[in-house]
Amino acid sequence: MAAAGGGGGGGGRACFLLGASGETGRALLRELLARRLFARVTLVGRRRLSLGEESGAAVEQAVVDFERLSEHAAAFQGHDVGFCCLGTTRAKAGADGFVRVDRDYVAQAAELARAGGCRHFVLQSSRGADPHSRFLYLRVKGEVENLVQAVGFDRCTILRPAVLLCKRQESRPVEWMAQQFLRVVAQVFPTAYSVPVETVARAMVASVLQPGEGKVEVLENGAIHELGKAVPQQGT
């Protein structure tokens, strides 16, 4: 097993995380800090996040203007691994804003990361991602997958989770009801239609700990569940 580092401070390796304020991003940050896989974790975002004391000195925060991302190349320098959970919704940002965040920002960040020495890029995408889809969401996810692959990382891992199960900080009543239904369904078909954000986060960590299957690896929902089990939960 090719680990990113042992349990004692990450062996000098560094990573960055895009989208740390989102549900999956927060879960991933908790995993990274709890396991101490990297000596340095850089959060790249449009604003500073309030972190608990447990984050320690290992976490750095780089505040960037995504509309002028090329001016922030330094934020992406010197990282071995890049994790991307960046994304918004059409309802929140509008169609144009959604495309800009989920495709353009991510693709440009990937290019800056590669130029800065990043070798392994781990991207959270979506089940059904297809650049030829009639649906904007799935089409954009498919397009950004292609753009990130074209950057030429030594290794690129793409995760395509189904519906994410989480406890959102913001209120989304319809989504809350849908998630309650899916939680019941998950008791019968645990890997078919949904996946907890904590499982996605553990799978992203496991993708770094384990050797990949080729230059580009695409993990569908079932594989995410399996890979998430490869890294034991904290406290077990």
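Residues numbered from 1 in each chain as written. Predicted model: local features only at pLDDT ≥ 70, side-chain atom pairs only at ≥ 80, totals over all residues. Heavy atoms only, no water.

A. Expanded view of the overall build of the protein. Regarding its fold elements, the protein presents six helices and nine strands. Across the 236 residues that make up the protein, the buried fraction comes to 47%. Pairs at least 24 apart in sequence give 73% of the contacts found in the protein among residues at least 6 apart. Accessible area of the protein: about 11,700 Å², with a carbon and sulfur share of 51%. (Helix = DSSP H or I, 4+ residues; strand = E, 2+ residues; numbered from the N terminus. Buried < 20%, exposed > 50% of the residue type's maximum accessible area, 1.4 Å probe, protein only. Contact = heavy atoms within 4.5 Å. Areas by Shrake-Rupley, 256 points an atom, 1.4 Å probe, with all protein chains shown as cover.)

B. Up close: the side chain of Thr 88. Looking at the element boundaries, Thr 88 is found in the loop between strand 4 (81–84) and helix 2 (90–115). Once you skip the residues sitting within four places of it in the chain, Thr 88 turns out to touch Ala 93, Gly 97, Phe 98, Val 101 and Asp 102.

C. Structural view of the pattern of salt bridges. Scanning all chains against the criterion turns up 14 salt bridges. Between Arg 119 and Asp 154 there is a salt bridge; the shortest N-O distance is 2.9 Å. One end of the pair, Arg 119, is in the loop between helix 2 and strand 5 (120–124); the other, Asp 154, is in the loop between helix 3 (136–151) and strand 6 (155–159), and 35 residues separate them in sequence. Asp 154 gets classed as partly exposed once you look at its relative accessible area, which sits at 36%. Across the pair Glu 226 and Lys 229 runs a salt bridge whose closest N-O atoms are separated by 3.7 Å. With a gap of three residues between them, Glu 226 and Lys 229 both fall in helix 6 (residues 221–230), about one helical turn apart. (Salt bridge = Lys/Arg side-chain N within 4 Å of Asp/Glu carboxyl O.)

D. Layout of the sheet that holds strand 4. If you trace the seven strands from one edge of the open sheet to the other, you get 3-2-1-4-5-6-9, paired in parallel fashion. Every interior strand has two partners, whereas the edge strands, strand 3 (59–63) and strand 9 (216–219), have only one. Taking each pair of neighbouring strands and ignoring which way they run, the sheet shows an average axis angle of 15°. Strand direction decides the pairing type here: strand 6 and strand 9, joined by four bridges, are parallel. (Pairing = 2+ DSSP bridges. Axes fitted to C-alpha atoms, helices over the stretch in contact; angles between N-to-C directions.)

E. View of unusual backbone geometry. Positive phi outside glycine occurs at Arg 36, with the angle close to 50°. With respect to the helices and strands, Arg 36 occurs in the loop between helix 1 (23–35) and strand 2 (40–45). Overall, the relative accessible area of 46% leaves Arg 36 in the partly exposed class.

In short, the description is geometric, and any link to function would need to be established separately.
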